[in-house]
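# A look at the structure
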Amino acid sequence: MTAHSVSRTLFFFEKPSAMRQLQQFFKSPSTICVSAEGHLLAAVEPSDVRDEWKSWRFDTLPIVLERIPVTYGASRSGQSHKPKVEAIKQALQGVERVIIATDPGREGSMIAWEVLEYLGYRGRVDRLKLGALDEVSIRRAFAVMAKEPDSGERDYAAYLEALCRQYEDYHLGLNGTRAISLRLRPPAFREPWRFGGVQTPTLAILADLEKRIRDFVPQDYFKIALVVTTETGAEITLWHAPKDKILDKQVAAAIQQAAASWSGPLSVEQKDVRRSPPRLFSKDTLARRCAKRFGWDPQHTAKLAQDLYDQGYLTYPRTESEHLPESQTSDVGAVIASIVGALTDLAGLVPTAGDLVFRKGNKGHYVKDPGEHHAIVPLRKVPQPGSVSGDHLRLWELVAKSFLAAHLPDGIDARTTIAVQVPTMLGPKRFSISGSVIKSPGWRAVYGAEVDEENEAVPGKAKPDEEPTTGRLPPVRNNEPGKATDARIETAKTEPPRRITRGELPVVMGRLIDQVEDPALKAALENPVNPNEPKGLGTAATRDTILPKLQKSQYVDLLKGKDPPIQVTEVGLAFIAAVRRVFPAYGDPVGRAMFEADLAKIGRAATRDEAVRQAAAYQERTRTRVQELIGAIAQSQTVTVDPTTVPMNSAAAGKPPTKAMIAFATSIAARKGVKLPRGLKSNGAICRAFLDQHAPARSSEQGEHNPQNGLRPPSEAMMRYARALAEEHGVECPPEITTDFAACRAFLDAHASRKATKSEDRNGTKVRRSRSSTPPNADHDDGDARASAVKRSIAAKTGSTRGRTRARRASPAQPTR
């Protein structure tokens, strides 16, 4: 900066849409605005750091970097972000103050800070947190920033938290995926076995549920029906169906016998039951509702919500909270007036401003501090005819109706319960039946026939039995005499746990506490900082990215349905069993939630120095864990998987095996006295899995030839060619290729043909692609929903990486003032 330059303030936005919104409210010759349009910097690929890291070889692991070098990123069309970074560099000339106005989350903080660090900016930084892009919210955000002189320092802590998340994602994904694919994955599987800090424990939740479902054995249980005739001639059927199910038919028979001879007074209880409206939406609960109602993928819902936020119709959507701050109650009247101006059929439901209901406390909608971001709600700006349509409009209406319902009176039902006590040899047993009529619809009038009170079973749990009810009860007086005219036993069957659906998985990850039964584990998952948001897996911004990764790795399948249930495949079960055998901590969802809590502490650090210290400690802890992971995998054996369970859409599936492979498999089957699995001679994947399971094992880590095994050894040229193909394809040579001519020939046939067929793209056009480079998205697991973790910068302000590549970002352990 030059000494004579005019002092200026630079606003750093994430998107042009937000920049245009704010530019409506301020104009100054000393103010300049820039927009990043996402992450402008990317982590340098390992293959560009060291040549030996290009190929997938176990002896190069672990790959551990204290500082990960960065370079210019690229847009989806492949255009370099260098011009944008250079333009920001130019704009910073003469700037004494930067106001970060990116999306108000840790990822938004990182988008700005990584560029400022890269360009060496050392001036003042403030943080403008735009929870919404309407005028009221913008002015309120400026007022809050004015009262917080240290907003930039605290935002730097959020940036370091994001860096540490990606530092861990990068190292665990890179090393874990390569190591497990090379050492544990059966050769029949051509797709990498992807590993990640959040992805893997999420799979563990699903795998544990899958095992419970598969192991479930239905049991008969019994309910007893008692038909009673009253003194006035009314007939009614009462039920004995306790929550603790009757599994012994003799017990049921004893109760039925006693009930058959019962006579006495009937108890009639009438009371009003109040029904409160559902909570407001977080990102995850909104995804669940839209999946159930519309069948939408959570990522589709997230995109719609983000679009509506960018257009100023909704508040910030990447939130964990279902509450609003008490300070915003004064906005409600104006927002509701705007809503019913657009949804005119609801106008008659709105009471006067003084009669709006504000439910406070954890069970209500308003709390003093809802956390980093409050619930997703509508704003004064509402869609005008033609401005929003299709799915965007459906989503806005869903959120708007939720907000309106939250401020209307409770619904009231008049419930009548008729019951009797039947004395039995096992003690008195209660028989009852209930019926309800709507006394006052309250908030339910907003939804009409679509009312949804979310009385759902917890995902992954069996659906609980409902209390016996009937649509209409006959008139019965309290204490009216009655007499049994029939008593019968009805048999039902217990049901297995319900599968977690696509729309429910983000909720399950965030509310891990609902999936555990152990009281000690439940206590460990409680969050004293914010009791409404217990410790969980991942963040609201990224949870909906996990399922596609599990599907890509063929760990899970989606069954049919509007909101399809998730089923874990044999591959997924084998993978998670291998992880738990080798390194149990990575298959422990609760343990991972504890790490997530440690990450969150970095973002809440009271000072910049404290955040830097915590970040450095966390990165050192990550490096240690990676070293331990590779050490454990090095001592493990390849996983054995039934050849018939190999996914048909794997690279080898659908292609017949070579004659050499069939001959080798046949010779092994004859020598060992085992049967060839069905499909081996027509399916290359099944044949490869059989060879992996039964081919002779190596006699040492180097695969030394054992002259006692009686097999014809391959030539040196064959072995050299096999090793070259293995390095090119990123696979490990099977040990038998150094001892068995037929095995080596089969390997050459399989991989040489693969090289020939894959040298053309889908259109038959020649493509240039190094097979020794890292497969796309194979190394890295969890990152922001907007970009892969490998495309992010992770540490360093200045320095170098083992003397190879220079970076413009320093480690958090060495902050630059």
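This one's a predicted model, so the numbers in the text were calculated from it and none came from an experiment.

Broken down by element type, the protein carries 22 helices and 18 strands. Per-residue burial over the protein gives 54% buried out of 817 residues. Considering only residue pairs separated by 6 or more positions, the protein has 78% of its internal contacts joining residues 24 or more positions apart. Summed over its atoms, the accessible surface of the protein is roughly 36600 Å², and 50% of this surface lies on carbon and sulfur atoms.

Relative to each other, helix α19 (residues 659-672) and helix α20 (residues 684-694) sit at 45°, their axes nearing to 10 Å. When the axis of α19 is compared with that of α20, the two are oblique. Pair α19 / α20 crosses with left-handed handedness. Taking contact as the criterion, the partners of M661, I662, F664, A665, I668, A669 and K672 in α19 are, on α20, G684, C687, R688, F690, L691 and H694. Here the contact of α19 with α20 is built from residues that sort into nine nonpolar, two polar and two charged.

This paragraph deals with the packing of aromatic side chains. For the coordinates displayed, the defined rule picks out 14 aromatic pairs. Arranged with centres 6.0 Å apart and planes meeting at 70°, the rings of Y72 and Y118 form a pair that is edge-to-face. Remark: Y118 occurs in helix α4 (residues 106-118) and Y72 occurs in strand β4 (residues 70-72); sequence separation between them is 46 residues. Between F358 and Y366, the aromatic rings sit 5.8 Å apart at their centres with planes inclined by 65°, giving edge-to-face as the arrangement. Looking at F358, the relative accessible area reads 30%, which means it is partly exposed. Feature note: the residues F11, F13 and F142 constitute an aromatic cluster, connected by ring pairs. For the cation-ring pair, K381 lies above Y313, with the distance from its terminal atom to the ring centre recorded as 4.9 Å. A cation over a ring is seen here: R608 above Y156, with NZ or CZ 3.7 Å from the ring centre.

The topology assignment puts S35 in strand β2 (residues 31-35). With near-sequence residues (within four places) excluded, S35 lies in contact with F13, E14, K15, P16 and M19.

Moving on to the environment of E191. Of note, E191 is situated in the loop between α6 (151-183) and α7 (199-215). Sequence separation between E191 and K552 is 361 residues; the distance between their C-alpha atoms is 8.6 Å. Setting aside residues up to four positions removed in sequence, E191 forms contacts with R185 and K552.

Turning to α19, a few remarks are in order. In this model α19 runs 20 Å from its N-terminal to its C-terminal C-alpha over 14 residues, within 8% of the 20 Å that 1.5 Å per residue would give. Within the sequence span of α19, burial applies to A660, M661, I662, F664, A665, I668 and A669. One or two steps after α19, the chain reaches G673, where phi turns positive at roughly 70°.

Our focus in this paragraph is the nonpolar core. Ranked by size, the top nonpolar core spans 64 residues in total, and within it W193 and V556 carry the most contacts. Elements with a contribution of two residues or more to this core: α6, α7, α13 (505-510), α15 (546-552), β16 (566-568), α16 (570-582), α17 (589-603) and α18 (608-634). Residues within four places of V556 in sequence aside, it is in contact with L203, L206, L547, L550, Q551, I566, Q567, V568 and T569.

Before going further, it helps to spend a moment on the pattern of salt bridges. What the rule picks out here adds up to 50 salt bridges. One salt bridge connects E210 with R499, and the closest N-O pair in it is separated by 2.5 Å. Remark: R499 occurs in the loop between β14 (480-493) and α13 and E210 occurs in helix α7; sequence separation between them is 289 residues. Judged on exposure class, the residue E210 and its partner R499 are both buried. A salt bridge links E320 to R543; its shortest N-O distance comes to 2.9 Å. Remark: R543 occurs in the loop between α14 (519-525) and α15 and E320 occurs in the loop between α10 (298-310) and β10 (324-325); sequence separation between them is 223 residues. By relative accessible area, R543 is classed as buried at 4%. Members of the salt-bridge network, linked through shared partners, are R106, E161, R165, E168, R592, E596 and R625.

Moving on, we come to the environment of R720. Along the chain, R720 falls in helix α21 (residues 716-729). Measuring from C-alpha to C-alpha, the distance between R720 and T738 comes to 9.9 Å, with 18 residues separating the pair along the chain.

Taking 1.5 Å of rise per residue, the 17 residues of α7 would be expected to cover 24 Å, and the 24 Å separating its terminal C-alpha atoms lies within 8% of that figure. Burial analysis of α7 places twelve of its 17 residues in the buried class, the great majority of the element. Among the residues of α7, Q199, T200, P201, T202, L203, A204, I205, L206, A207, L209, E210 and I213 are the ones counted as buried. Taken together, the buried residues of α7 touch α13, α15, β15 (556-558), β16, α16 and α17.

Looking now at the side chain of E168. Mapped onto the elements of the fold, E168 is located in helix α6. Residue classification places E168 among the buried positions, given a relative accessible area of 0%. Within the structure, the side chain of E168 is placed 3.0 Å from the side chain of R625, a separation counted as a polar contact. Setting aside chain neighbours within four positions, we find E168 in contact with G173, R592, L599, Y618, T622 and R625.

Between L61 and P62 the backbone carries a cis peptide bond, its omega angle lying at 0°. Relative to the helices and strands, P62 resides in the loop between α2 (46-49) and β4. Residue N479 is not a glycine yet carries a positive backbone phi of 70°. Mapping N479 onto the fold places it in the loop between β13 (429-440) and β14. The backbone of Q554 sits at a positive phi, close to 65°, despite the residue not being glycine. With respect to the secondary-structure elements, Q554 resides in the loop between α15 and β15. Overall, the relative accessible area of 9% leaves Q554 in the buried class.

Within a beta sheet, neighbouring strands are joined by backbone hydrogen bonds and run either parallel or antiparallel to one another. The strand order across the open sheet built from four strands is β2-β1-β5-β6, with neighbouring strands paired in parallel fashion. Single-partner strands in this sheet number two, and they are β2 and β6 (124-127). For this sheet, the mean angle separating the axes of adjacent strands, direction not counted, is 25°. The pairing of strand β1 (residues 8-13) with β2 spans five bridges and is parallel. Paired with F13 across the strands is S35, a residue of β2. Across the sheet, helix α1 (residues 16-23) touches β1 and β2, and the angle it forms with β2 is around 155°. Contacts from α6 reach β5 (95-100) and β6 within the one sheet, and its direction differs from that of β6 by about 75°.

Thresholds applied
Residues numbered from 1 in each chain as written. Predicted model: local features only at pLDDT ≥ 70, side-chain atom pairs only at ≥ 80, totals over all residues. Heavy atoms only, no water. Helix = DSSP H or I, 4+ residues; strand = E, 2+ residues; numbered from the N terminus. Buried < 20%, exposed > 50% of the residue type's maximum accessible area, 1.4 Å probe, protein only. Contact = heavy atoms within 4.5 Å. Areas by Shrake-Rupley, 256 points an atom, 1.4 Å probe, with all protein chains shown as cover. Axes fitted to C-alpha atoms, helices over the stretch in contact; angles between N-to-C directions. Parallel < 35°, antiparallel > 145°, perpendicular 65-115°, else oblique. Left-handed = near helix turned anticlockwise from the far one by under 90°. Nonpolar A, V, L, I, M, F, W, Y, C, P; charged D, E, K, R; others polar. Phe/Tyr/Trp six-rings, centres within 6.5 Å; stacked < 30°, edge-to-face > 60°. Lys NZ or Arg CZ within 6 Å of the ring centre and 35° of its normal. Expected span 1.5 Å × (residues − 1). Core = buried A, V, L, I, M, F, W, Y, C linked by side-chain atoms within 4.5 Å. Salt bridge = Lys/Arg side-chain N within 4 Å of Asp/Glu carboxyl O. Polar contact = N/O pair within 3.5 Å; in protein donor to acceptor, adjacent residues only side chain to side chain. Pairing = 2+ DSSP bridges.

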